[in-house]
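For reference, the chains in residue letters:
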Amino acid sequence: MSRDYESLSDTAADRFVDEFRQKPESLVGLATGGTPEGLYQRLVARHRADPTLFSQARWIVLDEWGGLEEDDPATCGHYLQTRLFEPLNVGPGRICRWSSQPFNPQEECRRVEKWLADEGPIDLQVLGLGKNGHLGFNEPGRELIAGPHVATLTEESLTHAMLSTARSRPTFGLTLGMGEILRSRQILLLVSGGAKSQQVLRLASGNITSEFPASLLHCHGAVTVYCDLEAASVTSFDASAMATATGFL
Ligand code: PGA
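What counts, and where the lines are drawn
Residues numbered from 1 in each chain as written. Predicted model: local features only at pLDDT ≥ 70, side-chain atom pairs only at ≥ 80, totals over all residues. Heavy atoms only, no water. Helix = DSSP H or I, 4+ residues; strand = E, 2+ residues; numbered from the N terminus. Buried < 20%, exposed > 50% of the residue type's maximum accessible area, 1.4 Å probe, protein only. Contact = heavy atoms within 4.5 Å. Areas by Shrake-Rupley, 256 points an atom, 1.4 Å probe, with all protein chains shown as cover. Lys, Arg positive; Asp, Glu negative; His and termini not counted. Charge placed at Lys NZ, Arg CZ, Asp CG, Glu CD. Arc of directions from axis to C-beta. Disulfide = S-S within 2.5 Å. Pairing = 2+ DSSP bridges. Axes fitted to C-alpha atoms, helices over the stretch in contact; angles between N-to-C directions. Expected span 1.5 Å × (residues − 1). Near = heavy atom within 4 Å. Polar contact = N/O pair within 3.5 Å; in protein donor to acceptor, adjacent residues only side chain to side chain.

> Pulling in residues and values, what's your account of the overall build of the protein?
Within the protein one finds 8 helices and 9 strands. Along the three orthogonal principal directions, the C-alpha set of the protein runs to about 50 × 45 × 35 Å. When the 249 residues of the protein are sorted by exposure, 56% land in the buried category. Relative to all contacts within the protein whose residues are 6 or more apart in sequence, the contacts with residues 24 or more apart total 81%. When the accessible surface of the protein is split by element, carbon and sulfur atoms take 50% of a total near 11,000 Å². Computing the positive centroid from 22 side-chain charges and the negative centroid from 31, the protein places the two 3 Å apart.

Shown next, in the form of structure tokens:
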């Protein structure tokens, strides 16, 4: 449990770098959104101090807003290009990103699936937690999909802050599926702020349901939840009970 967002980002960055020291050629799955920004800033600072640190890394983008123009600054690809790939000098050969306007979205999913079949599994998957409990665009529903897929976006996702400056409204989502997420060797789930406290409480219950995709993380043996005090602020929430009940750190 971290005191605040800054210490959450520090702790997650320390862990991230430790993983890289053990396996410099790690394949990393990257979430976008507000929560991982602090982590990504710290990774850039670590790279400046040691330019060899991530020089062998490979990267895959977790999801994308389908229908946005390729050069729309609201795309997940643009977010990661400016915050991580450019500052870390990552060449295109070491990145798998989604086209936001693919000619054939199903084909695009198959392309990403093939890339992962060749390069995967993911060593380190960074995740944020949606206000509706989604992971990537694995949205709550009666079913979840294992592989890369075209997702119907929920209203909650369509009001995400990332879209506040988008030139148009996305018409679908493109996302890795729960199968790729759960096959990742290590998962770092970052959760910050009071707006997530109900979802943290839900996660702490240990129950699994497709209506709360994040709950499937209970099926994975190596998830670390980086949570700050505000996110854990629901009165009855007890971090140590969560650790005991779920095996989460
Ligand atoms: P956030 O988004 O980090 O901006 O809260 C997380 C998500 O919606 O998956």
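Having seen the model, we can carry on.
> Describe helix H3 (residues 76-85), naming the residues involved and giving the relevant values.
Buried residues of H3: Cys-76, Gly-77, Tyr-79, Leu-80, Leu-84 and Phe-85, and no others. Angular distribution of buried residues about the axis of H3 spans 155 degrees; they occupy a single face of the element. On its buried face, H3 is in contact with strand E1 (27-30), helix H2 (37-49), strand E2 (58-61), strand E3 (63-66) and strand E4 (95-96).

> Mind laying out the state of the cysteines, listing which residues take part and the relevant values?
Scanning the model with the defined rule gives 0 disulfides in all. In this structure Cys-76 is not part of a disulfide, and its nearest cysteine sulfur, from Cys-96, lies 13 Å away. As a non-bridged cysteine, Cys-219 has Cys-227 as the owner of its nearest cysteine sulfur, 20 Å distant.

> Go over the sheet that holds strand E6 (residues 149-151) with me, naming the residues and quoting the values.
Reading across the sheet, the 3 strands line up as E3-E7-E6 and stay open at both edges, with antiparallel pairing between neighbours. Across the chains shown, the open sheet's two edge strands, defined by having one partner strand only, are E3 and E6. Between one strand axis and the next, the sheet turns through 25 degrees on average, direction left out of account. Helix H4 (residues 105-119) contacts E6 and strand E7 (172-175) of the sheet and is inclined by roughly 130 degrees relative to E6.

> Please give an account of H2 that cites residues and values.
With 13 residues, H2 should reach 18 Å at 1.5 Å per residue; the first-to-last C-alpha distance of 19 Å fits that figure. Every buried residue belonging to H2 is among Gly-38, Leu-39, Tyr-40, Arg-42, Leu-43, Val-44 and His-47, and all of these are buried. In this structure, the buried residues of H2 make contact with helix H1 (5-22), E1, H3, strand E5 (124-128) and strand E8 (186-191).

> Just give me the short version of the site of the ligand, but keep the residues and values in it.
The local shell around the ligand consists of Gly-33, Gly-34, Thr-35, Leu-129, Gly-130, His-134, His-160 and Lys-196. Take Thr-35: an N or O atom from its side chain is 2.4 Å from an oxygen atom of the ligand. In the environment of the ligand, an oxygen atom lies 2.9 Å from a nitrogen or oxygen atom belonging to the side chain of His-134. For the ligand, the accessible surface in isolation is 280 Å², of which the surrounding protein chains cover 82%.

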